[in-house]
Amino acid sequence: MREDFTTARAWLERIQALPIEHPVAVMNVCGGHERSLTQLGLRGVLPSNVKLIPGPGCPVCVCPEEDLADAIALALSGQVTLVAFGDMLRVPINAPKGEVRSLAEARAKGADVRPISSPQEAVALAAKSEKPVVFFVAGFETTTAPVAAMLAQGVPENLSVLLAARLTWPAVDALLRDPEARLDALIAPGHVAAVMGANEWGFVAEKYHLPVAVAGFSANSLLAALYSVLRQTLAGKPFLDNCYAELVAPEGNKRAQALLAEVMDVTDANWRGIGVIPRSGFALRAEWRRHDARERFEFSTLPRRHAGEMPPGCDCAAVVLGKKQPDQCRLYGKACTPQNPVGPCMVSDEGACHIWWQGGTRAAA
Ligand code: SF4
């Protein structure tokens, strides 16, 4: 009788049957993957020498502190209505005590800051507003492509964007170049691959000779991808596997890529706590600069300490690079909790610290 490998349990049994004698470190790049893995409790049922390491796939976590400070300053100036996806509102900058530290605190001081959940909301708000509306965009390709579509379709003249958008693969390329990363395999992000194509992740196998598999967000897809990279590791034959073929085409979504190319240039970009990664960010092309908030407004400078860095004592940069686990940060669950976040990884739904805390991982006493 043929075995049924379409259920999560069957994939798990196959993983458990693999002769894994040495520790294998597998990075799951995407914050959405980390959330699914944690909520499903998959770490607890895997062989003990398979270690899943959360990666840099949290755009709020890597959004430059200076861009966030600019958004707060613009909101406080009273010139604009500032809109952003909800989890961005609570991310703190390194402002001295008593100063405004987040968009939420700016709103509490009277600034017109509003959470939105889609680009269409920004367009609708601008259409009925007499004030300038600035859409603060921190996201990866999955967020940036809809913003490009929004601009390409035409937006009210009073709508502009403050862009802190990033590409995912250059950050992974940068961390794989770092010998300290010590990774054995990679699970590539399903949503990003749906836009940019599974083939974008072929460099992991070709350039770094590491197994790589694109995964979706169900237990089935995640375990199938994990099984694939473990099998590849044991065989010593890395390749790119697509375990999310129902949504991810080898070449991705051509229409979304065309919109990105029409509206955005790819530029060198800063990642909070990490530094500049070549060709890892998006900027508006010249034809769209009339909708660039940086071209339309003056930005004042807010008082900050450790400008551009993670807050003192916060290990978010090491966490997003896979060099530390969230509970290895000495502030985890002590000074830093979802109610009182110190760093961005404890704020965002896609931040590893937030996900681990919500999943029940507590700090060592
Ligand atoms: Fe930063 Fe808090 Fe995570 Fe520590 S626990 S790395 S302070 S977000």
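Sequence order as written defines residue numbering, which begins from 1 separately in each chain. Local features in this predicted model are restricted to residues whose pLDDT is 70 or higher, and side-chain atom pairs enter the listing and the counts only when it is 80 or higher, whereas totals over whole chains, interfaces and linings include all residues. Side-chain numbers come from the whole structure's heavy atoms, not from hydrogens or water.

## Side note on the packing of aromatic side chains
Selection rule: Any two rings among Phe, Tyr and Trp, with Trp reduced to its six-membered ring, count as a pair given centres within 6.5 Å; such a pair is stacked if its planes are under 30 degrees apart, edge-to-face if over 60, and tilted if neither. Geometrically, a charge over a ring is one whose NZ (Lys) or CZ (Arg) sits within 6 Å of the ring centre while staying within 35 degrees of the ring normal.
For the coordinates displayed, the defined rule picks out eight aromatic pairs. An aromatic cluster is present here, built from W169, W201, F203 and Y208 joined pairwise through their rings. Just above the ring of F299 sits the side chain of R294; from NZ or CZ to the centre is 5.1 Å. Against the face of W357 rests R362, its NZ or CZ located 3.7 Å from the ring centre.

## Comments concerning the sheet that holds strand β6 (residues 159-165)
Strand pairing in a sheet takes place through backbone hydrogen bonds and is either antiparallel or parallel in direction. Heads up, the condition is: Two strands qualify as a pair provided that DSSP identifies no fewer than 2 bridges between them. Starting at the N terminus, helices and strands are each numbered in turn, a helix being any DSSP run of H or I of at least four residues and a strand any DSSP run of E of at least two. Between N-to-C directions, angles cover 0 to 180 degrees, with each direction set by a line fitted to C-alpha atoms, over the stretch in contact for helices.
Across the sheet, four strands lie side by side as β4-β3-β5-β6; this open sheet has parallel pairing. A single partner strand is all that each edge strand has here, and the edge strands are β4 (113-116) and β6. Along the sheet, successive strands turn relative to each other by an average axial angle of 25°, direction set aside. Looking at chain direction, strand β3 (residues 81-85) and β4 are connected through four bridges and run parallel. What sits directly across from F85, in β4, is I116.

## Describing the domain arrangement of the protein
Our working definition: Segmentation into domains, and thus their bounds, comes from an automatic or database assignment. Throughout, a residue-residue contact means that at least one pair of heavy atoms, one from each residue, lies within 4.5 Å. Throughout, the accessible surface (probe 1.4 Å) given up by two parts as they are put together, summed over both, is called the buried area. Whenever Lys or Arg places a side-chain nitrogen within 4 Å of a carboxyl oxygen from Asp or Glu, that contact is recorded as a salt bridge.
Assigned domains of the protein: these are domain 1 (11-300) and domain 2 (316-358). Here the C-alpha centre of domain 2 lies 17 Å away from the C-alpha centre of domain 1. Contact with domain 1, which involves 29 residues of that partner, is made by 21 residues of domain 2. Buried area between domain 1 and domain 2, summed over both chains or domains, comes out near 2,100 Å², and the portion from carbon and sulfur atoms is 62%. At the surface where domain 1 touches domain 2, the tally comes to two salt bridges. The residue K323 makes a salt bridge to E180 at a minimum N-O spacing of 3.9 Å.

## Remarks on the state of the cysteines
Stated formally: Our working definition of a disulfide is a cysteine sulfur pair at a distance within 2.5 Å. When accessible area is computed with a 1.4 Å probe and restricted to protein chains, residues below 20% of their type maximum are described as buried, those above 50% as exposed, and intermediate ones as partly exposed.
Counted by the stated rule, this structure contains one disulfide. Shown here is the disulfide that connects C58 with C61, its sulfur atoms set 2.2 Å apart. Here the S-S torsion is close to 75°, and the disulfide linking C58 with C61 is therefore right-handed. When its relative accessible area of 0% is taken as the criterion, C61 is described as buried. Free cysteine: C30, not disulfide-bonded; nearest cysteine sulfur from C58 at 9.9 Å.

## Concerning the site of the ligand
For clarity, the threshold we go by: When we say a residue is near a molecule or strand, we mean one of its heavy atoms is within 4 Å of it. Residue polarity follows a fixed list, in which Ala, Val, Leu, Ile, Met, Phe, Trp, Tyr, Cys and Pro are nonpolar, Asp, Glu, Lys and Arg are charged, and the others, Gly among them, are polar.
C314, D315, C316, C329, L331, Y332, C336, V342, G343, C345, M346 and C353 make up every residue found near the ligand. Tallied by class, the residues present in the shell around the ligand amount to 10 nonpolar, one polar and one charged.

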